[in-house]
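# Chains, contacts and geometry: an overview
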Amino acid sequence: RLYQLFTSMWLHGGFIHLALNMVTLWFIGRQFQKMWGTKKFLILYLLSGIGGSLLSLSFTFIYDYPMAVGASAAISGLLGAMAILSPDSKVLLFFFIPIQVKKLVIWFQAYCRTLIRIQS
């Protein structure tokens with residue numbers, strides 16, 4: 001159903017998944033909201049989430065199981081946009097480790113690829 005492209009952004013695969021998404025959204029989202037304002041931030045978040053839902057849906061047809069659940073796609077979109085617009089800016093990883101956004105994206109992609117290999 002079409003509305004599920006939107007509503008899937010509010011689902012999570014458990015408490016740890018929810019906690020990681022919310023912490024990431026806190027650190028990345030605050031910076032975007034300061035740079036772009038609330039309205040543009042919200043539009044980017046929603047478009048990233050819907051785009052991620054569409055991408056996940058396409059992988060469902062290819063691999064015969066869903067590839068994502070939750071706000072992860074929207075947060076990944078924010079992270080990717082920040083890496084493009086401000087790659088040398090720093091965010092706090094695990095609350096106290098400063099890391100450049102471009103390095104965080106590389107680490108995140110390697111982590112996601114590992115998860116996909118484990119699941120397939």
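Notes on the structure in this doc start here. The structure presented is a predicted model; accordingly, all values stated were derived computationally and were not measured.

### A few points about the packing of helix α2 (residues 15-36) against helix α4 (residues 72-85)
Where α2 contacts α4, the two axes come as close as 10 Å, and the packing angle between them is 40 degrees. When the axis of α2 is compared with that of α4, the two are oblique. Of the two possible hands of crossing, α2 and α4 adopt the one that is left-handed. Listed contacts from α4 to H17, N21, T24, L25, I28, Q31, F32, M35 and W36 of α2 are S72, I75, L78, L79, A81, M82 and L85. Of the residues contributing to the contact of α2 with α4, the split by class is 11 nonpolar, 5 polar and no charged.

### Structural notes on the environment of M22
Positionally, M22 belongs in helix α2. When the C-alpha atoms of M22 and I75 are compared, they prove to be 9.1 Å apart, with 53 residues separating the residues in sequence.

### Details of the packing of aromatic side chains
For the structure on display, the rule yields 2 aromatic pairs. When the centroid spacing of 5.0 Å and the interplanar angle of 85 degrees are considered together, the rings of F32 and W36 count as edge-to-face. Here the residue F32 and the residue W36 both occupy positions in helix α2, the gap between them amounting to 4 residues, near one helical turn. On the numbers, 6.3 Å between centres and 35 degrees between planes, the contact of F41 with Y45 is tilted. One end of the pair, F41, and the other, Y45, are both in helix α3 (residues 38-63), 4 residues apart, so they sit about a helical turn from each other. Both residues of the pair, F41 and Y45, belong to the buried class.

Calculation rules
Residues numbered from 1 in each chain as written. Predicted model: local features only at pLDDT ≥ 70, side-chain atom pairs only at ≥ 80, totals over all residues. Heavy atoms only, no water. Axes fitted to C-alpha atoms, helices over the stretch in contact; angles between N-to-C directions. Helix = DSSP H or I, 4+ residues; strand = E, 2+ residues; numbered from the N terminus. Parallel < 35°, antiparallel > 145°, perpendicular 65-115°, else oblique. Left-handed = near helix turned anticlockwise from the far one by under 90°. Contact = heavy atoms within 4.5 Å. Nonpolar A, V, L, I, M, F, W, Y, C, P; charged D, E, K, R; others polar. Phe/Tyr/Trp six-rings, centres within 6.5 Å; stacked < 30°, edge-to-face > 60°. Buried < 20%, exposed > 50% of the residue type's maximum accessible area, 1.4 Å probe, protein only.

Taken by themselves, the reported measurements are silent on function.
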